[in-house]
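Chains, contacts and geometry: an overview
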Amino acid sequence: MALTVMEVLKTLPRTNCGDCGQATCLAFATRVIKEGEELSRCPHLSEAAQAMAGEVESQQAAGVGRRRESIAIALETLQEKVAPLDFAGLAGGVGASYGELDGCPYVDLDYFGHRLRVFKDKVCYPEGVQANPWDAILLYNYLASQGKMDATGTWITFQTLPNSVSKTKTLKRLEGELAAHFAGKQPKLAEAAALLQAEPVGIAQDANLQLVFRPLPQVPVLLLFWEADPEEDFPAQVHYLFDGNVSDYLDLESLLFLVEQLSDRLMAA
Ligand code: SF4
């Protein structure tokens, strides 16, 4: 079986020191698996990571890194899409702040608690490190929506969104993976969620944990977790819900990517 981002991440120091040129170890692991980045660019590899290097290289040689080209094309296409947009006009609606640097417009917005600066041709962390292309694609999609609808306060399921039938399986897989990871470990999930600044809520569900995340300013995500009960033969369960305004800000693919990022961050935490 092919190595996954999470398997590589587990062997990294997870200090997010940035010495590899990425802002986080998760971003680096993603680049290694999905873009063919060399594992040795992290100068702090553990013995376990070094032992994995050969397998990573074989996987990359087998073509996993070939996705780079299609991602680059998707990114360029989106950059062309946002080029004519008025960043000053759309910033308020998407919960961002507008600025200019050397005459170039940008918006600053919070993404999973990190402040990112989105120019029309690049997306950077404050230290100047460029965001990985998947995150950049998501943020350009978010801006291109030019959304401005306030949260409705009503939580809806993915299945109720238009044209979501063919993609529901992907969300169920993500929910299943997260539930399996935290089965029997409810306190660990609560700890991981706190690190991501989740807010506990009570919305009349019988779930053991009800947590609202804000990965993007206008896209709250509600995570419901039911702990496993071996005596009742009840497996742990996770459901993700979204505000009724979510279609105003993200298309279905972007929303699934956002959920995947949230799940990965929880498991990595
Ligand atoms: S250099 Fe290594 S430890 Fe530092 S952020 Fe990159 S992957 Fe993580």
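Preceding block: the structure.
Below or above, wherever it landed, is the structure these notes cover. The shown structure was predicted, so the numbers you read here are calculated from the model rather than taken from an experiment.

**Here we look at the overall build of the protein chain**
Tallying secondary structure elements over the protein chain gives nine helices and nine strands in all. Computed over C-alpha atoms, the radius of gyration of the protein chain comes to 19 Å, within 12% of the 18 Å expected from 2.2 N^0.38 for 269 residues, which places it in the range of a compact globule. In terms of its C-alpha atoms, the protein chain occupies a principal-axis envelope of roughly 65 × 50 × 35 Å. By residue count, 50% of the 269 residues in the protein chain fall in the buried class. For the protein chain, the proportion of contacts with a sequence separation of at least 24, taken over those separated by at least 6, is 57%. Of the accessible surface of the protein chain, which amounts to about 13200 Å², a share of 50% is contributed by carbon and sulfur atoms. Once the 22 positive and 36 negative side-chain charges of the protein chain are each reduced to a mean point, those two points are 3 Å apart.

**Quick look at the site of the ligand**
As a structural note, the neighbourhood of the ligand is formed by Pro13, Thr15, Asn16, Cys17, Gly18, Asp19, Cys20, Cys25, Phe28, Cys42, Pro43 and His44. Grouping the amino acids of the shell around the ligand by side-chain chemistry returns seven nonpolar, four polar and one charged.

**Let's talk about the environment of Arg31**
Relative to the helices and strands, Arg31 resides in helix α2 (residues 25-35). The contact partners of Arg31, leaving out residues within four places of it in the chain, are Gln22, Gly36, Glu37, Asn132 and Pro133.

**Details of a negative patch on the surface**
Together, Asp229, Glu231, Glu232 and Asp233 give the surface a local cluster of negative charge. Positionally, Asp229 belongs in the loop between β8 (219-226) and β9 (237-243).

**Focus on the nonpolar core**
Most often, soluble globular proteins keep nonpolar side chains buried together rather than apart. Core analysis: the largest hydrophobic core is formed by 85 residues, its most contacted members being Tyr111, Leu216, Tyr240 and Leu266. Sort the elements by how many residues they give to this core and helix α9 (residues 252-268) lands first, with 10 residues. Those residues in contact with Leu216 that lie beyond four places of it in its chain are Leu109, Asp110, Tyr111, Leu138, Leu139, Tyr142, Leu250 and Leu258. One finds Ala207, Leu222, Leu224 and Leu241 within the second-largest nonpolar core, a separate group that totals six residues.

**So, the sheet that holds strand β1 (residues 97-101)**
Strand order in this open sheet of four strands is β1-β2-β3-β4, and the pairing throughout is antiparallel. Sheet topology places β1 and β4 (123-124) at the edges, where each strand pairs with a single neighbour. Sheet topology note: the strand β2 (residues 104-111)/strand β3 (residues 114-119) ladder contains six bridges and is antiparallel. If you follow Asp108 over to β3, its bridge partner there is Arg117. Contacting β2, β3 and β4, helix α6 (residues 133-144) crosses the sheet at an angle of about 105 degrees to β2.

What counts and how
- Residues numbered from 1 in each chain as written.
- Predicted model: local features only at pLDDT ≥ 70, side-chain atom pairs only at ≥ 80, totals over all residues.
- Heavy atoms only, no water.
- Helix = DSSP H or I, 4+ residues; strand = E, 2+ residues; numbered from the N terminus.
- Rg over C-alpha atoms; globule rule 2.2 N^0.38 Å.
- Buried < 20%, exposed > 50% of the residue type's maximum accessible area, 1.4 Å probe, protein only.
- Contact = heavy atoms within 4.5 Å.
- Areas by Shrake-Rupley, 256 points an atom, 1.4 Å probe, with all protein chains shown as cover.
- Lys, Arg positive; Asp, Glu negative; His and termini not counted.
- Charge placed at Lys NZ, Arg CZ, Asp CG, Glu CD.
- Near = heavy atom within 4 Å.
- Nonpolar A, V, L, I, M, F, W, Y, C, P; charged D, E, K, R; others polar.
- Patch = residues over 30% accessible without salt bridge, like charges linked within 9 Å, V, L, I, M, F, W, Y side chains within 5 Å.
- Salt bridge = Lys/Arg side-chain N within 4 Å of Asp/Glu carboxyl O.
- Core = buried A, V, L, I, M, F, W, Y, C linked by side-chain atoms within 4.5 Å.
- Pairing = 2+ DSSP bridges.
- Axes fitted to C-alpha atoms, helices over the stretch in contact; angles between N-to-C directions.

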